[in-house]
Structure formats: C-alpha cells, structure tokens
Amino acid sequence: METVFKTGRPVIGIVEPWAPIENGCFMGAYRTYANYPYVQGILKGNGIPLGLPLVESEEDCMAQASVCDGIILSGGADIDVHLYGEEPRTKQGHFDRKLDLYYIHMIKAARSLGIPILGICRGIQAVNVAFGGTLIQDIPSEVKNAVLHDQDAPPSNPCHFIDIEADSFLGGFMPQRTEVNSFHHQAVAKLGTGLRVTAKSCDGIIEALENTDGSPVIAVQWHPEMMQAGGDPLSEELFRRFVNLCETAR
Ligand code: MN
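The residue numbering used here restarts from 1 in each chain and proceeds along that chain's sequence as written. Confidence filtering applies because this is a predicted model: local features only for residues at pLDDT of at least 70, side-chain atom pairs given and counted only at 80 or more, and all residues used for totals across whole chains, interfaces and linings. The side-chain figures draw on all heavy atoms in the structure; neither hydrogens nor water molecules are used.

> Would you explain the pattern of salt bridges in this entry?
Pairing is possible between side chains that carry opposite charge, provided their charged atoms lie close to one another. Only one rule defines a salt bridge in this text: a Lys or Arg side-chain nitrogen within 4 Å of an Asp or Glu carboxyl oxygen. Scanning the entire structure with this criterion turns up 14 salt bridges. Close ionic contact of Glu56 with Lys98 constitutes a salt bridge, the shortest N to O distance being 3.5 Å. Here the residue Glu56 occupies a position in the loop between β4 (48–52) and α2 (58–66), and Lys98 occupies one in helix α3 (residues 97–113), the gap between them amounting to 42 residues. Residue Arg240 pairs with Glu236 through a salt bridge whose shortest N-O separation is 3.9 Å. Taken together, the residues Arg240 and Glu236, both in helix α7 (residues 233–249) and four residues apart, mark about one turn of the helix. Each of Lys44, Glu236, Glu237, Arg240 and Arg241 takes part in salt bridges that share partners, so that together they form one network. Secondary structure elements follow DSSP: runs of H or I of four or more residues count as helices, runs of E of two or more count as strands, with numbering from the N terminus.

> Honestly, the sheet that holds strand β11 (residues 195–200) in this entry has me stumped. Any pointers?
In any sheet, the strands associate via hydrogen bonds between backbone groups, in a parallel or an antiparallel arrangement. Here a strand pair is declared whenever DSSP counts at least two bridges between the two strands. Pairing within the open sheet is mixed, and its nine strands lie in the order β4-β1-β5-β6-β13-β12-β11-β8-β9. Each edge of the open sheet is held by one strand with a lone partner, namely β4 and β9 (177–180). If you compare each strand with its neighbour and ignore which way they point, the axes differ by 25 degrees on average. Judged from the five bridges that link them, β11 and strand β12 (residues 206–211) form a sheet pairing that is antiparallel. By the bridge assignment for β12, Ala199 is matched with Ala208. Here, residues are in contact when the closest pair of their heavy atoms is within 4.5 Å. Lines fitted to C-alpha atoms define the axes here, with helix axes fitted over just the stretch in contact, and angles between the N-to-C directions of these axes take values from 0 to 180 degrees. With respect to the sheet, α7 is in contact with β1 (11–15), β5 (70–73), β6 (117–120), β9 and β13 (217–220), its orientation differing from that of β6 by roughly 150 degrees.

So, to be careful, I would describe these as geometric facts and stop short of saying anything about function.
What follows is the structure in structure tokens.
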C-alpha cells in the first residue's frame, strides 16, 4: 500500500528557532515557530513547506533532513561565541546553545545527505560557524563607517545596496548592484573553510556566501522572505531558483 502522498514538488524544510512563550496560560513553555513569509516564499517557488522543530540528537536531525529535498535555515538570535572560539563582548545579544547546535547538526545532516541549504540572516551566520568561520559580534561597535544594517523601516522595504559576484547563484538573476533589507547587528568575520563571498555591502560587510564544492549551500544576510511578502520579484525569483536547485539535486 502506498502510504506516502507524493506531489513531485520538492519538500523544503524550514529549520525553526524557538523561544519561551511570553504571556498567557503557557507562559515560560518553549514554542518553535516559522514566520509565515518563509512558507509563502517556498509556495511561490512551487515547493512544499515543512516546519522542522528543534530536536537534540544528531540521529533525529538526520531523520528530519532525510524527508526534505532542501532546507532553509530561518532567522533568529545570536550564536554562542564559544562555538567559534571567542569570548563574548558586551554587545553580544540573546543566545541559546541548544538552538545553535540544532542549526549546526541540521547543516551537517543536509551536507551528508547532499541536500541543498539556503541560510537566511542567522542562517548565514550558522553556516559560517558550521564551516569553521567566525562572526563580527556587533557591527556598530566593531566596524568603522558601517552603513545601517538594523533598519527601522517596514520589513519589505530595502535598506542598503549590495554588490553581487556575477558568477554566483545570486549573480545568475540579480543585478550586480541590488537593494536589500537589513535586520542584523552581527555578520560573517573570518570565512569558514570551503566557502566563498558572493555579495558585500559598500562598507565591506559580507552579505552572501556560497560553498565551493559539494551539494549547494547558498546563504544571505538579508531577509528575502520579507521582501517577497512585499511583492519584490527578485526575492520571489530567489525562492523559485532555490526550489529548482533542490529539484535538480535529488
Ligand atoms: Mn545588511
């Protein structure tokens, strides 16, 4: 008996953050969540979105990844600095090692299964740390003459420009100079082994990465899911191309 319903469309797992519930009768209990624009972006790209809640063992991470054709690492809090060999400076924000290890285990699971990865915001930072890189802990206090990377404008509103490498996943459909939104105070510092920079803002902050071999890893520091929710055609195209990549990789 056929027990699995198959559409033929790629299943894209959303690696979810978690946080304590702040009010109501379940206050203090943890809740895993996916912001709906990720779901919408995957649907517009003709994929099937599947939320993935935090699990702790590497075996459970492998089991989650193995039902997916691709995974998206969604945005969230800062990463524990000890995971990249530093001590916290004063502007390090909220962090949670259990969540960081979940992201890192999911990256490793997807890599070992040959499943494409799209890292978004915290996702690009998790990719860089998983590949052995480090992070800028706080752009405003650590980078001179930085542009604004933590915008106080609606999420679909672009904030600063990025310059994109032509021979990259993004360069395949985005203009060399493209406007993106920006909601981060950390960024990639020392690049992880096997990664290359594919976009930067004019202050030198790394805004996109790809891997140099193995199954595709694409990572961006901005939030294309929020821009597609505002109707941005380039962000919709990003999701479409990622879902296509997942389809051809399987
Ligand atoms: Mn930025």
